[in-house]
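These are the residues of each chain, in order.
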Amino acid sequence: MKHLLGIEQLSREEIEAILERAESFAEVGRRDIKKVPTLRGRTVVSLFYEASTRTSSSFELAAKRLSADLISIKSSGSSADKGESLKDTCATLSAYDPAAIVIRHPYAGAAQMVAGWSEAAVVNAGDGKHEHPSQALLDLFTLRRRLGSLEGKRIWIVGDVLHSRVARSNLVAFQAMGAEVTVCGPPTLIPRGIEALGCEVAHSLEKLEEADVVYALRMQKERMQESFVPSLREYAACFQIDTRRLGPRQLLMHPGPVNRGVELSGEAVDSPQSLISEQVAAGLVVRMAILYELLAANERPAPVEGEGAERPTPIGQPA
Amino acid sequence: MRSGEGADLVLRRATVLDPVAGIEGAHDVRIRDGQIAELAAPGTADAAGAEEVDAEGLHAFPGFFDPHIHLRTPGHEHKEDIETGTRAAAAGGYCGVIAMANTDPPVSSKADVEALREAAREQACVQVGFLATVTRGMEGEELTEMAALRDAGALGFSDDGLPIRSARVLRRALQYQHLCGGTIALHEEDPELSGDGVMHEGPVSAALGLAGIPSVSESTMIARDAALAGYENGRIHVQHLSATESVDAVRAAKAAGVEISCEASPHHLCLTDEEVRSLDPRSAKMNPPLRSESDRQALIEGLREGAIECIATDHAPHAPEEKEVPFEQAAMGVTGLETAFAAVHTHLVLPGVLDLALVVERMAGGAAPFGLERPSLAPGSEANVALCDLGAEWTVGEEGYESRSDNSWCAGQTLTGRVLMTVAGGQVAYRLRSFSLGVAT
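This one's a predicted model, so the numbers in the text were calculated from it and none came from an experiment.

Quick notes on the rules
- Residues numbered from 1 in each chain as written.
- Chains lettered and ligands numbered in written order.
- Predicted model: local features only at pLDDT ≥ 70, side-chain atom pairs only at ≥ 80, totals over all residues.
- Helix = DSSP H or I, 4+ residues; strand = E, 2+ residues; numbered from the N terminus.
- Rg over C-alpha atoms; globule rule 2.2 N^0.38 Å.
- Buried ≥ 20, exposed ≤ 12 C-beta atoms within 10 Å, placed from the backbone.
- Expected span 1.5 Å × (residues − 1).
- Contact = placed C-beta atoms within 7 Å.
- Nonpolar A, V, L, I, M, F, W, Y, C, P; charged D, E, K, R; others polar.
- Domains from an automatic or database assignment.

(A) Structural detail: the overall build of chain B. Counting secondary structure elements, chain B contains 14 helices and 18 strands. Against the 2.2 N^0.38 benchmark of 22 Å for 441 residues, chain B shows a C-alpha radius of gyration of 21 Å, consistent with a compact globule. The dimensions of chain B, computed from C-alpha atoms along their principal axes, are 65 × 50 × 45 Å. Counting every position in chain B, which comprises 441 residues, the buried fraction comes to 60%.

Rendered as structure tokens:
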């Protein structure tokens, strides 16, 4: 694995390798000294063209925990604001010889283009409405810890699927791990043709009880002005996940930040079924695992590889 | 076009195909003083004083005609100009082209048209017709001085690049057309429906998270404008059809007796939205967007049965920095003049989807909708010839481009069929550099 550009390009074995690695970092996180020397002397660039709190902070902390040198660039105040093209910014950063570039960008395909322009391993931390693979991996990690396997589980992704990169990456990731996915939301916020990705489509919560996991998406307030929904009140009445709609055995997830009272009721957020704070905690170890797999895994044999264990399949080759 | 010496040529033993003139078979094509003088039996034409070309095994077609290209001048000469754009046309076998008016500033005044025609007389190596905009500055509000523009030599009118949003404005233009003539060419798109879309709306846009442009954003406007043209007895030409619903809308308008013609581009005939999965804007981002396989099939069928009368490239050059950016930020459009025939030949003729004769006919079908004479190989006609080697394989872009821009939709593809020589307006406009004009023996 040279880059992490999207879940689409990963085999199930590659996904599992990252999740296994994250488990070993979870163990490190319980020690007093949480830092390991793996990436000492190597440089990680964090390049964020969009506001982000949890993704940028957890990637940056992950790089530090692995002892990498970190350069953190936010678009406000950087030369991107002065009209520099992405390509020229990449050329500039290449002067630091970074081992990895973690990029968040408002447009689809940006990470892929950076991968073509740079020698560094590129991690897509969200490109437009396209993919957000590290989010999908941390969600898989969180669910696996709770459920063991996702094989045959039913997962409902509820809300603004149209504008959500999380929905797209998770839809592919959940299915790759054997789950059955239904996307649910008002018809205006479900992209035409999404069934081709192998999911079911629902326009009401009527059959929500069949779900083992309910994954709610953030509903942005400006969607109302664009006539995607008549009002947030009507949206909440039809699609809010609350403790009345959520059964006692169903798990609840959300990529954050939550609009309490819109896509989720406050009670649901704080309910024992909610995995939301576990998702945040998983973010750090999974992002450490991603950097490790990209930068260090090929340099020395994995510590616990048994006899006959299969090597991860490289990107671009059939699993 | 530049004035120059009329060609004196013998295309010895060429395989001549002009389906409209009913010419098919091996002939010596004798071109004298820029005219098709004679089609003689192979090996018999008198070559005295003429350059002799060994055309055995090569095809001579009537020169192609493209009713929809962007020469980018004035204002964007870093992408293309009259000289480079017409050179690209000649390299593709075109003897004539029509340049769109969405330049910077747009071609909206008499002086603009006169300046362009003057420049073409100095720089163009094929015949160039210029359209003027329908509305002043392409702002969609007020009509240009259409009669004065026609007097200055504007071939017709188009706000191409943008639709005419207001039905009222288009209706006035169609009424005014009775005074000044000139076909109105329409870029059909309802911006309310296309919104901020960057590709066809469907499973691929859903998978990529890109905003979609629904097929109906095109077809609903075609239906509206065809109804207006019918009501006002106007003459319209629909540009770059992309969707099944659009072909149906044109068919319905024709059945109702509306004076309407239309075009399809090689990229819409050869590619689908699957291409966008590469997220490479150089080859896959244009407006209208590449659509689904069923849309592509509908265009092919429309071309075959005549609902679509011509192939037009919508040649749209862009500089590298406008294309080397993420897909959503990139400029719309691809170049196509140099590859149109070869691409259609490779992707549609060789696999048996379309007949060679039909493609040759449609490659020059864009002249008539603008009131121009169709290029012909019949003796007595002005010499307009595309001489092609249908067996030659070449890789697009390997030797660079005649165009100033390199955003070709088929860059890197190996195509079969190549234009070796073009005669345009009676003059030799192009010879492939490596094609030696050895004297036939």
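Text resumes after the structure shown.
(B) A look at helix α8 (residues 244–255) of chain B. Residues and elements named next belong to chain B. A rise of 1.5 Å per residue sets the reference length of α8, with its twelve residues, at 16 Å; its end C-alpha atoms lie 17 Å apart and thus fit the reference within 8%. Taken together, the buried positions of α8 are occupied by T244, E245, S246, V247, A249, V250 and A253. Residues of α8 that are buried sit in contact with α7 (216–232), β13 (235–238), β14 (259–264) and α11 (293–305). Among the residues trailing α8, G257 stands out with phi positive, at a value near 90°.

(C) Main features of unusual backbone geometry. In the segment running from G256 of chain A into P257 of chain A, the intervening peptide bond is cis, with an omega of -10°. Tracing the sequence through the fold places P257 of chain A in the loop between β9 (251–253) and α8 (266–270). In this model, T73 of chain B is joined to P74 of chain B through a cis peptide bond whose omega is 5°. Tracing the backbone shows P74 of chain B in the loop between β6 (64–69) and α1 (82–91). Although it is not a glycine, S227 of chain A adopts a positive phi angle of roughly 65°. Along the chain, S227 of chain A turns up in the loop between β8 (213–216) and α7 (232–239). Positive phi, normally seen in glycine, also occurs at D33 of chain B, with a value near 50°. With respect to the helices, strands and loops of the structure, D33 of chain B is situated in the loop between β2 (23–32) and β3 (35–40). The exposure class assigned to D33 of chain B is exposed, which follows from the 11 C-beta atoms found within 10 Å.

(D) Structural view of the interface of chain B and chain A. Each side of the interface is counted separately: chain B has 18 residues, and chain A has 21 residues. If one sorts the elements of the side of chain B that touches chain A by residue count, helix α6 (residues 203–208) of chain B sits on top with five residues. When grouped by side-chain class, the residues that make up the side of chain B that touches chain A number nine nonpolar, five polar and four charged.

(E) A look at the domain arrangement of chain B. All names here are of chain B. With domains assigned, chain B is organised as domain 1 (9–60 + 381–405 + 413–431) and domain 2 (63–370). Computed over C-alpha atoms, the centres of domain 1 and domain 2 are 27 Å apart. Contacts between the two partners involve 25 residues from domain 1 and, on the opposite side, 34 residues from domain 2. Looking at the side of domain 1 that touches domain 2, the elements that each hand over two or more residues are β16 (385–395), β17 (414–424) and β18 (427–431). In terms of residue count, β17 provides more of the side of domain 1 that touches domain 2 than any other element does, eight residues in total. Broken down by class, the residue content of the side of domain 1 that touches domain 2 amounts to 15 nonpolar, seven polar and three charged.

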